[in-house]
Amino acid sequence: MKRKGVSYAKYGYIFSIPFVVAFLLFQLYPIFYTLFIGFTNLKGFDTALHIHPKGLFYNFKWALTNDTFITGVKTTFLLWICNFIPQISLALILAAWFTNERMKLFGKGFFKVVFYLPNIITAASVAVLFSSLFYYPVGPVNDLLQKWGVIDAPMDFFNDKWSTRLLVIFIQFWMWYGYTMIVLISGILGISPELFEAADIDGANGLQKFLFVTIPNTKTILLYTMITSLIGGLQMFDIPYLITNGHGEPRFAIQTASVFIYNQGFTGEHNYATAAACSMIMFVIIGVLSAIVFYLMRDKDEAALHKVIKAQEKAYRQKLKEQKKGGNING
Amino acid sequence: MAKEATNVVKHRNHGTGYYVFIAFVMLVCILLAVLSIIPFWIMIVNGTRSTPEIQAHAVSLLPSTHLMDNFKIINEKGSFNAFVGFRNSLIISTGATALAVYFSTLTAYAIVVYQWKLKRAFFTFIMAVMMIPAQVVTIGFYQMVYKVGLTNTFWPLILPSIAAPAMVFFMKQYMEPAFSLEIVQSARIDGAGEFYTFNKIALPIMKPAMATQAIFTFVSSWNNLFLPNVILTKGNVKTMPIMVTMLKTDIYKVEYGSIYLGLTLTVLPLFIVYFLLSKYIIAGVALGSVKG
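Given the structure is predicted, the values throughout are model-derived calculations rather than measurements.

Engineer: Go over the overall build of chain B with me, naming the residues and quoting the values.
Structural biologist: Helices and strands together make up the secondary structure of chain B, namely 15 helices and 0 strands. By the compact-globule yardstick of 19 Å for 292 residues, chain B is too spread out, its C-alpha radius of gyration being 26 Å. In terms of its C-alpha atoms, chain B occupies a principal-axis envelope of roughly 80 × 75 × 35 Å. For chain B, the proportion of its 292 residues judged to be buried stands at 52%. For chain B, restricting intrachain contacts to residue pairs at least 6 apart in sequence, the fraction spanning at least 24 positions comes to 73%. For chain B, the accessible area works out to roughly 13,700 Å², and carbon and sulfur atoms hold 69% of it. Placing the 21 positive and 10 negative side-chain charges of chain B at their respective mean positions leaves the two points 7 Å apart.

Engineer: Could you give an account of the overall build of chain A, with specific residues and numbers?
Structural biologist: Tallying secondary structure elements over chain A gives 14 helices and 0 strands in all. Counting helices and strands in the order they occur from the N terminus, chain A gives α-α-α-α-α-α-α-α-α-α-α-α-α-α. Its C-alpha radius of gyration of 27 Å places chain A more than 25% over the 20 Å reference for a compact globule of 331 residues. Each principal axis of the C-alpha distribution contributes one length, and for chain A these read about 95 × 70 × 35 Å. Every one of the 331 residues in chain A was classed for burial, and the buried ones make up 49%. Put simply, 66% of the contacts in chain A that link residues at least 6 apart link residues at least 24 apart.

Engineer: Summarise the side chain of Thr40 of chain A; cite the residues concerned and give the values.
Structural biologist: Positionally, Thr40 of chain A belongs in the loop between α1 (9–38) and α2 (58–65). In this structure Thr40 of chain A touches Leu49, His50, Ile51, His52, Asn59 and Ala273 of chain A, once residues within four positions along its chain are discounted.

Engineer: I'd like a rundown of the nonpolar core, residues and numbers included.
Structural biologist: Within the largest apolar cluster, 190 residues are counted, with the highest numbers of intra-cluster contacts made by Leu94, Phe98, Phe115, Tyr116, Ile121 and Phe130 of chain A together with Tyr109 of chain B. At 15 residues, the largest contribution of residues to this core is made by helix α7 (residues 161–189) of chain A. Of the residues that make up this core, three or more belong to each of domain 1 (2–76) and domain 2 (82–254) of chain B. Excluding its chain neighbours within four sequence positions, the residues that come into contact with Tyr116 of chain A are Gly178, Tyr179 and Ile182 of chain A together with Phe216, Tyr274, Ile281, Ile282 and Val285 of chain B.

Engineer: Outline helix α9 (residues 206–217) of chain A, supporting the account with residue identities and numerical values.
Structural biologist: Residue and element names in this part refer to chain A. With 12 residues, α9 should reach 16 Å at 1.5 Å per residue; the first-to-last C-alpha distance of 15 Å fits that figure. Among the residues of α9, those classed as buried are Lys209, Phe210, Val213 and Thr214. Looking straight down α9, one finds its buried side chains confined to an arc of 125°; they lie on one side. Residues Leu207 and Phe212 are exposed on α9 and point more than 90 degrees away from its buried face. Those residues of α9 hidden inside the fold are in contact with α3 (67–99), α7 and α8 (193–201). Residue Asn205 occupies the N-cap position of α9, its side-chain oxygen lying 3.1 Å from the main-chain nitrogen of Leu207.

Engineer: Break down the domain arrangement of chain B for me, with residues and values.
Structural biologist: Under the domain assignment used here, chain B contains domain 1 (2–76) and domain 2 (82–254). Its C-alpha centre places domain 1 of chain B at a distance of 35 Å from the equivalent point of domain 2 of chain B.

Engineer: Can you explain the interface of chain B and chain A? Please cite residues and give values.
Structural biologist: Chain B puts 102 residues into the contact, and the matching count from chain A is 94 residues. Surface buried jointly by chain B and chain A totals about 8,900 Å² across both partners, of which 76% is contributed by carbon and sulfur atoms. Here chain B and chain A share 0 salt bridges between them. If one sorts the elements of the side of chain B that touches chain A by residue count, helix α2 (residues 16–46) of chain B sits on top with 19 residues. Grouping the constituent residues of the side of chain B that touches chain A by class yields 73 nonpolar, 21 polar and 8 charged.

Calculation notes
- Residues numbered from 1 in each chain as written.
- Chains lettered and ligands numbered in written order.
- Predicted model: local features only at pLDDT ≥ 70, side-chain atom pairs only at ≥ 80, totals over all residues.
- Heavy atoms only, no water.
- Helix = DSSP H or I, 4+ residues; strand = E, 2+ residues; numbered from the N terminus.
- Rg over C-alpha atoms; globule rule 2.2 N^0.38 Å.
- Buried < 20%, exposed > 50% of the residue type's maximum accessible area, 1.4 Å probe, protein only.
- Contact = heavy atoms within 4.5 Å.
- Areas by Shrake-Rupley, 256 points an atom, 1.4 Å probe, with all protein chains shown as cover.
- Lys, Arg positive; Asp, Glu negative; His and termini not counted.
- Charge placed at Lys NZ, Arg CZ, Asp CG, Glu CD.
- Core = buried A, V, L, I, M, F, W, Y, C linked by side-chain atoms within 4.5 Å.
- Domains from an automatic or database assignment.
- Expected span 1.5 Å × (residues − 1).
- Arc of directions from axis to C-beta.
- Polar contact = N/O pair within 3.5 Å; in protein donor to acceptor, adjacent residues only side chain to side chain.
- Buried area = accessible area lost by both parts, 1.4 Å probe.
- Salt bridge = Lys/Arg side-chain N within 4 Å of Asp/Glu carboxyl O.
- Nonpolar A, V, L, I, M, F, W, Y, C, P; charged D, E, K, R; others polar.

Quick look at the structure:
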């Protein structure tokens, strides 16, 4: 007779309980609750939920036809794309320089620490700091530009749509290129040195190695950077909220979707229902885009290998079963 | 063959082109470094200058003597309170970090050590929910918290970190090669309970990974504005980033020196942490991306 040992499997379940409970309560439930609030007309300090009298999807229809919200979504994408492209480009170039063993650079460690510094500082503080630095009429930047003779009179940066946008884009870029650079450096260091040696033997120059060895072999990590940046960027709030007056001024130039949702739900009328509908629309947009990037990111070779392994496992188990049927347990 | 030979020669004797290029690279790096430091430098220096001084010349590389005056303005007027913000942020970030690190390790342990039916499905599930954009569903979260009367308390900002999918993933990746199951088996033979084994044997082995993850959770919890700003509306529970928003509204609008000093106070703890731990933080960023 086969003696059954103590089963420890139940501890697998027991130790997972806190995670599962916290996840269901604090992450999954709020998603469905937000969706549900989107169907209601919840406003102000009410908590009772009633389906919106003008129809279940009234808030969603309202959001999708609301110019301010649509502009907000477009602004969010604009601000993200305009900071992501220069950010990843500079990060790639710096990463290539920092990993090139033939180049003798001084202070690599120091530069890494300094480039990453803005990323660790509270975004809220950075936003208020830059709004002070670009203050009109007597801020440090106006002071310097006048001293250097670039401008004759102080410039009101926050009264112009594009200078405000550029500033937000610059801050996002400034806060994140160091992070992206470090991530890419570790990606490049993971490339097999043999590939670079082979390129050397073939007589490739630095630029050719960068284009045909470094970039293709960091594809996965580039897409990882992109997906995390996308999810963060489409929820962009702190900088555009705090750098001007909290409503994405001037003239909604930097009113991102998150700033709009915040102002809908948590200021003025506290219109939770419309804010919830807008939130769910953003949720779907982010989900779909991440899924697309995720799909592109998956390693095709690895997926194929996984399939083969699974098939083999299945065949093996089938064999085992047949053996068991034959009574050959010890085999 | 000939090509190979020239190549070898090429990188032994650098031409002038090489040195020009290196100089260019160094110049770019130095400029970027200045760009990283100068805003914070101006902030710290201006925190010691009086409003008339700043109005006359907004940029000065050397500090002045009005630090205490600015400090007085900050403390006596307006609603900005660096000490209260610091205390509240410290409580929330410490609590959230401790829970996230402990329970993520526990969950990873469940996946690595035990053989259970739903294990594979559970891990796939964790990978899938890793990317959920949390901030977007704040409305539902806020309403839930409001209904149970927990607004203006720290619980809604601490407890959710028990479920940190990305950290579970990281811990699992780290634990698999670093932790041998034989240790668990010998502990069992010695009569140790499963929970005891986790606390006394697994946790110490996981310390390096836990430290790395703790730094990042702490900093991101410390810097978070959106959710705390919604949940904590009363003055005495506000966190540091919410205190920063006060600087934009209150009387500080006309007290330039005190804005800069207030900002310096909010940033100072992070500077200290960063300069003490920068080596580990940079290594942690690199590690997280490779494992993730």
